[in-house]
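Structural description and commentary
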Amino acid sequence: QVQLVESGGGLVLAGGSLRLSCAASGRTFSIDAMGWFRQAPGKEREFVTAINWSGHITYYADSVKGRFTISRDNAKNTVFLQMNSLKPEDTAVYYCAAHSGFGTVPRVRDEYDYWGQGTQVTVSS
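Because the structure is predicted, anything quoted here is derived from the model rather than measured.

Considering the nonpolar core
- One finds Leu4, Met34, Trp36, Phe68, Val79, Met83 and Tyr94 to be the most contacted residues of the largest nonpolar core, which totals 35 residues.
- The set of elements that each furnish at least two residues to this core consists of strand 1 (2–7), strand 3 (18–26), strand 4 (34–39), strand 5 (46–51), strand 7 (68–73), strand 8 (78–83), strand 9 (92–98) and strand 11 (119–124).
- No other element matches the five residues that strand 9 contributes to this core.

Topic: the sheet that holds strand 7
- The four strands are arranged 1-3-8-7 in an open sheet whose pairing can be described as antiparallel. If you trace the sheet from one side to the other, it starts and ends with strand 1 and strand 7, each paired once. Direction aside, the axes of adjacent strands within the sheet are offset by 15° on average.
- With six bridges joining them, strand 1 and strand 3 adopt antiparallel strand pairing. From the neighbouring strand, Glu6 faces strand 3, where its bridge partner is Cys22.

Description of the pattern of salt bridges
- For the structure shown, the criterion picks out four salt bridges.
- Taking the shortest distance from any N to any O, the salt bridge between Arg38 and Glu46 comes out at 2.7 Å.
- Look at Arg38 and you get buried, because its relative accessible area is 5%.
- Look at the salt bridges and you will find they share partners, linking Arg38, Glu46, Arg67 and Asp90 into a network.

Observations concerning unusual backbone geometry
- One non-glycine residue, Asn77, lies in the positive phi region at around 50°.
- On the secondary structure map, Asn77 appears in the loop between strand 7 and strand 8.
- When its relative accessible area of 30% is taken as the criterion, Asn77 is described as partly exposed.
- In this structure, Ser85 takes a positive phi of about 50° despite not being glycine.
- Considering the arrangement of structural elements, one finds Ser85 in the loop between strand 8 and strand 9.

Some points on the state of the cysteines
- Inspection of every chain in the model, using the stated rule, returns one disulfide.
- Note that Cys22 is cross-linked by a disulfide to Cys96, the S-S spacing being 2.1 Å. Its torsion about the S-S bond being -80°, the disulfide of Cys22 and Cys96 is classed as left-handed. You can see Cys22 sitting in strand 3 and its partner Cys96 sitting in strand 9, a full 74 residues away along the chain.
- Residue classification places Cys22 among the buried residues on the basis of a relative accessible area of 0%.

What counts and what doesn't
- Residues numbered from 1 in each chain as written.
- Predicted model: local features only at pLDDT ≥ 70, side-chain atom pairs only at ≥ 80, totals over all residues.
- Heavy atoms only, no water.
- Core = buried A, V, L, I, M, F, W, Y, C linked by side-chain atoms within 4.5 Å.
- Buried < 20%, exposed > 50% of the residue type's maximum accessible area, 1.4 Å probe, protein only.
- Helix = DSSP H or I, 4+ residues; strand = E, 2+ residues; numbered from the N terminus.
- Pairing = 2+ DSSP bridges.
- Axes fitted to C-alpha atoms, helices over the stretch in contact; angles between N-to-C directions.
- Salt bridge = Lys/Arg side-chain N within 4 Å of Asp/Glu carboxyl O.
- Disulfide = S-S within 2.5 Å.

The following block contains the structure:
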């Protein structure tokens, strides 16, 4: 099993920045791609960004492209999400996810095997 713990959420003014972290523990050798999803009240959980094991392949949702950056430190089993120019519509619970199948970088929630408990991000106007 793999355990994921997110941190770094909080309340920020529009235009501000936050950096989320997700620390993995357990059978981390089985992890390949990692991703971030978010879920706003009354909405489905949606894809935000994902990164492959080496960090050379990344994908972003159109809504965050140019504002968010995903990165990872494999030595520390941690993935990061740097969020800049935040907007009120970015308000959501952000979830970290890990994929254990090698060679792919999923953008679909059902393809991720492990999930964190989520961290709240609130952007006020």
